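# Descriptive structure summary
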Amino acid sequence: MHLRAAAAVALVVSLTAGCVRTLRSPSDAAAPEGGRPEGSVDRASERAAGDAGADAPRDLPPHDAPVDARRDQGARDGAAREGAPLDAKAAESAPLDAARDHAAEGPANAPASAALQFPLPVALTTAATLPVRGTASDPDGIAAVRVNGIAASSSDGFATWSALVPLPAGPTTLAVTVEDKLGKLQATSATATIARLGAVLMRTADVAPGPAGDRALLLDVWGKALIEVELASGVLAPRSDEVIGSGPAFGPAASSVAWNGGPTAYVAGTGAVIAVELATGNRSTLSSGSVGAIRLQPSKGRAILVAGSELQAMALAGGARTTISSATAGSGPALAAPGRLAVDDANDRALVVDGSLKAIFEVKLANGQRTILSGGGVGSGPALSSPAGIALDAGAQNAYVVDGANLLAVQLATGARSVVSSGASLGPPFAIPQGAAMHPDGRVLVVNAWPAQLLGVTVATGARALLASTQLGSGPSLWVANALAVEPSQMRAVVLEPGAGASHTVELASGNRDRLFKPGSTGASLDTPGGGAIDAAGGRVLTTDAGQHGLFSVALATGTRTPVSTGTLGGGSVLASPAGVELDLLGGRALLVDRSVAALFSVQLSSGDRTILSGGAVGAGPAFSDPADLALDLLAGRAYVVDRKLNANAGAVVRVELASGARTLLAGAGPTLSSLRSVAFQGQTKQLLVLASSSNLPCLFRMDPVSGDHALVSGATLGLGPRFIIPSDVVSFPGRVSLVVDEWANAIFAVDEVSGDRVIVSH
């Protein structure tokens, strides 16, 4: 990892305090419904405190203590330690400290070892502190464990331990040292590299630079956040989001932001223009009604809006709107599908991109007169194909339009178009580019949506520089990740995503990603995967595919796809929309659920033969309606199925006895759950882990597999770190860690099941 000009540890990121730049790789207390649990930490307050510098350390009680106790317990650095000299002569002639010094220099005693359970080897967080948990052993006994000098606590002689470590902004290497009861202090191989960022970018849509040119505002629509970026360093600071400020949320429909460096910014999207007080983050609706894009006209104290097929003016003082140009206002060729715009305040006009007509319009703001300046047969040069953001230079002589993989310059006098920046050699590529704006120094700022990035383009050379990004790990970005399979012993995950060839493998030790389907691999396209499970010994992942109506094997080394059970392979009831799948390798079978057949199947891996274990006429109890995911407890002979339509479409967990197919609805005490997505079985605690929403917020819950009683593990009101957006699948990982893939964040989260804290391990 490096900080702009300083090289550091080998993590697949480079950081600028709060900005990560991609390189290549070298307890259990329940939260009250709708509120913050007693003893939990206010994330907004901690975030604000963290901006001021490193926080004072907060020590943890034993790792298995209640979450509230972990948060509240004071420092315990004064634990008594035992010690004995190793050298009798030294012990007779020197104090104990000298004996320990001598012992440290003498022959090595039995080596100590330690391992981290949480976090994983690389991670991103937005929290100012991080709970670190692990294990340690030493034949001579352990007197103390420290993480970066912070004393760990333990209730079992440091066989397991925990410490709460303060994190400065930027990258931190966690190092674990063990002191044995003979006084020997030893470093261990237990290390991790953590990047603390001001924010994690999810899907950026627009940028608005300030007039001084030192900073800009980024609109992150999936993160529902307005984020300030220091353009020289890339440091990110959220100014308004689900935690900071009050008022209506931006929502994923937000598309555009306008700002002139003052105390208020304006965010537009379907349904409203929202005014944002940057000092507090508070949001208020300034004007209701559909809006696609917004830019300011400071000289007249108003904003110019694209609203449907109209161009409108909105007074900043009260939000009143007037129509400037429409089918009945103004003259000239009609706008068909106006998109983004730039305002030429000095000449009282707007330049509007029309994606349908593939043209750039000039609209006179005084009378709504429309003229095509470029495209649609006007102007020479490369044709516009998918124009998006537009920026205007200081002299109003040229416009710059992001068009697919190119940045084009448009001479406004003639409409002539020329390529300014294109090709991989000039820097990070344009990737689903969205908004664009002109920096005061003449650079064009361009927002990429996926991966979420801010680029700066030098007009004279076309060179592109990465100004802000929070990617972790190299390789192609995840895209609408909807299923996760994990092999802990190999620190490998497979993320299954819709679309031909879209799925990925992920190295959990680095966050690096690669295509699951390698070039030249053969087999079915598998573009509608529903679930997956890794067979490590077989070097493959088993995945269901609704479009192919079957179960398939994908070789991890090559990506070659082989059918296991389909309509033409194997006997028994035919699969229609297979979804979640788990392996019973000792039984030589896979168990999967089918959403259309509404049943739990057993599939013999050797023959592909299918047997319904529960559903339809098999098994008593409430009928399945839309079984989407499952978890197995083979020792107990049970499966646990998430059905998304039971309980009046809120979803429910159904326990299934594998021997008889009998079904029992789990409906115990706890917060009201809705939108159940996924379930996993936690082998250490013998509890279920369930992804669901509570009070419309995505959360991870633990659930008793007998009673159905459930409590919050991590979510908006419990746990620090990056927030879930739309988590889609959960997998239990050793050491009381859950891995969660989020289809909108396009990231894999690691969740500490003890504290609820979240980090991102690939993004």
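Everything discussed here concerns the structure shown above.
These lines cover the structure that appears in this document, whether it is placed above or below. The model shown is predicted, which means the values in this text are computed figures rather than measured ones.

## Things to note about the sheet that holds strand E23 (residues 310–315)
Within the open sheet, the four strands sit side by side as E21-E22-E23-E24. Their pairing is antiparallel. The open sheet terminates on both sides in strands that have one partner only, identified here as strand E21 (293–297) and strand E24 (321–325). When strand polarity is set aside, the average angle formed by the axes of neighbouring strands in this sheet is 30°. Bridge analysis of E21 against strand E22 (residues 302–307) gives five bridges, and the strand direction is antiparallel. Looking at E22, one finds that Ala293 is bridged to Val306.

## Focus: the nonpolar core
One finds Val145, Trp161, Leu484, Leu508, Leu739 and Ile748 to be the most contacted residues of the largest nonpolar core, which totals 41 residues. Aside from chain neighbours lying at most four places away, what touches Leu508 is Leu120, Pro121, Val122, Val486, Met491, Arg492, Ala493, Phe733, Leu739 and Val761. With 37 residues, the next largest nonpolar core counts Leu124, Leu197, Trp222 and Leu689 among its residues.

## A look at the pattern of salt bridges
One pass over the full model with this rule turns up 20 salt bridges. Arg215 is the partner of Glu228 in a salt bridge, and the nearest nitrogen-oxygen pair spans 2.9 Å. Linking Glu228 in strand E15 (residues 225–230) with Arg215 in strand E14 (residues 215–220), this pair joins segments that are 13 residues apart in sequence. A residue is classified by how much of its surface remains accessible, and Arg215, at 29% relative accessible area, is partly exposed. Glu362 is the salt-bridge partner of Arg349, the closest N and O atoms lying 2.7 Å from each other. In this pair, Arg349 is assigned in strand E26 (residues 349–354) and Glu362 in strand E27 (residues 359–364), connecting sequence segments 13 residues apart. Of the two residues, Arg349 and Glu362, neither departs from the other in class, the shared state being buried.

## Remarks on the pairing of strand E45 (residues 578–584)
Among the seven residues in E45, six count as buried, and that is most of the element. Linking E45 back to strand E46 (residues 589–594) in an antiparallel pair, the connection comprises four residues, with Gly588 at a positive phi of about 65°.

## Concerning the sheet that holds strand E42 (residues 540–545)
What the four strands build is an open sheet, ordered E41-E42-E43-E44; its pairing is antiparallel. A single partner strand is all that each edge strand has here, and the edge strands are strand E41 (529–535) and strand E44 (561–565). For this sheet, the mean inter-axis angle between neighbouring strands, taken without regard to orientation, is 30°.

## Here we look at empty space enclosed by the protein
Its volume calculated, the largest cavity comes out at about 100 Å³. Forming the walls of the largest cavity are 13 residues, and the residues nearest its centre are Pro451, Ala452, Gln471, Ser477 and His763. Tallied by class, the residues present in the lining of the largest cavity amount to seven nonpolar, six polar and no charged.

## Side note on the environment of Phe701
Inspection of the secondary structure puts Phe701 in strand E55 (residues 697–703). Phe701 gets classed as buried once you look at its relative accessible area, which sits at 1%. Sequence-wise, Phe701 and Val690 are 11 residues apart; in three dimensions their C-alpha atoms are separated by 5.1 Å. Ignoring sequence-local partners within four residues, the contact set of Phe701 consists of Pro671, Leu673, Leu688, Leu689, Val690, Ala692, Ser694, His710, Ala711, Leu712 and Val713.

## Observations concerning unusual backbone geometry
Going from Phe118 to Pro119, the amide bond is cis rather than trans, its omega being 5°. Here Pro119 lies in the loop between strand E5 (113–118) and strand E6 (122–125). Omega for the peptide link from Trp450 to Pro451 comes to 0°, which places this bond in the cis form. Tracing the chain through its elements places Pro451 in the loop between strand E34 (444–448) and strand E35 (453–457). Notably, Val480 is not glycine yet its phi reads approximately 50°, a positive angle. Despite not being glycine, Ser675 has its phi angle at roughly 50°, a positive value. With respect to the helices and strands, Ser675 occurs in strand E53 (residues 674–682). Ser675 gets classed as partly exposed once you look at its relative accessible area, which sits at 43%.

## Some thoughts on the side chain of Ser762
Turning to its location among the elements, Ser762 is positioned in strand E60 (residues 758–762). Separated by 3.0 Å, the side chains of Ser762 and Arg513 make a polar contact. Not counting the four nearest positions on each side in its chain, Ser762 is found in contact with Leu472, Val506, Gly511, Arg513, Asn746, Ala747 and Ile748.

## Here's the deal with the packing of aromatic side chains
This model, assessed by the stated rule, comprises three aromatic pairs. Judged by centre distance (4.6 Å) and plane angle (15°), the ring pair of Trp222 and Trp744 falls under stacked. You can see Trp222 sitting in the loop between E14 and E15 and its partner Trp744 sitting in the loop between strand E58 (737–742) and strand E59 (747–752), a full 522 residues away along the chain. Trp222 sits in the buried class, given a relative accessible area of 13%. We classify Trp744 as partly exposed; its relative accessible area is 22%. Aromatic side chains Trp450 and Trp479 sit 4.7 Å apart centroid to centroid with 55° between the ring planes, which places their arrangement in the tilted category. With Trp450 in the loop between E34 and E35 and Trp479 in the loop between strand E36 (464–469) and strand E37 (483–487), the pair connects residues that are 29 residues apart, well separated along the chain. For Trp450, a relative accessible area of 23% corresponds to the partly exposed category. Lying across the ring of Phe250, Arg283 places its NZ or CZ 5.7 Å from the centre.

About the thresholds
Just so you know, the residues in each chain are numbered from 1, in the order the chain's sequence is written. Residues qualify for local features only when their pLDDT is at least 70, as the model is predicted, and side-chain atom pairs are given and counted only at 80 or more; totals for whole chains, interfaces and linings, by contrast, use all residues. Side-chain descriptors were evaluated using all non-hydrogen atoms of the structure, hydrogens and water having been removed beforehand. DSSP-based pairing: two strands are paired if at least 2 bridges between them are found. Counting from the N terminus, the helices are the DSSP runs of H or I reaching at least four residues and the strands are the DSSP runs of E reaching at least two. Between N-to-C directions, angles cover 0 to 180 degrees, with each direction set by a line fitted to C-alpha atoms, over the stretch in contact for helices. Grouping buried Ala, Val, Leu, Ile, Met, Phe, Trp, Tyr and Cys residues that are joined through side-chain atoms within 4.5 Å yields what is termed a nonpolar core. Buried means the residue's accessible area, taken with a 1.4 Å probe over protein chains only, is under 20% of the maximum for its type, while exposed means over 50%, and partly exposed covers the values in between. What makes two residues a contact is simply this: any of their non-hydrogen atoms within 4.5 Å. A carboxyl oxygen of Asp or Glu within 4 Å of a side-chain nitrogen of Lys or Arg is what we treat as a salt bridge. Cavity means a closed set of points on a 1 Å grid over the protein atoms alone, one where a 1.4 Å probe fits but cannot get out, pocket means an open set with protein on both sides within 12 Å along at least 5 of 7 lines, and lining means a residue has an atom within 4 Å of a point. Grid points are joined across faces, edges and corners, and a volume is the space filled by probe spheres set on the points. In the scheme used here, Gly and all other residues not listed as nonpolar or charged are polar, with Ala, Val, Leu, Ile, Met, Phe, Trp, Tyr, Cys and Pro taken as nonpolar and Asp, Glu, Lys and Arg as charged. In protein, a polar contact means a hydrogen-donor-capable atom and an acceptor-capable atom, both N or O and within 3.5 Å, with residues adjacent in sequence counting only if both atoms are side-chain atoms; elsewhere, any N or O pair within 3.5 Å suffices. In summary, the pairing rule links any two rings of Phe, Tyr or Trp, Trp by its six-membered ring, whose centres are within 6.5 Å, and it sorts them by plane angle into stacked for under 30 degrees, edge-to-face for over 60 and tilted for everything else. A ring has a charge above it when a Lys NZ or an Arg CZ is no more than 6 Å from the ring centre and no more than 35 degrees off the ring normal.

So yeah, pure geometry; function would need other evidence.
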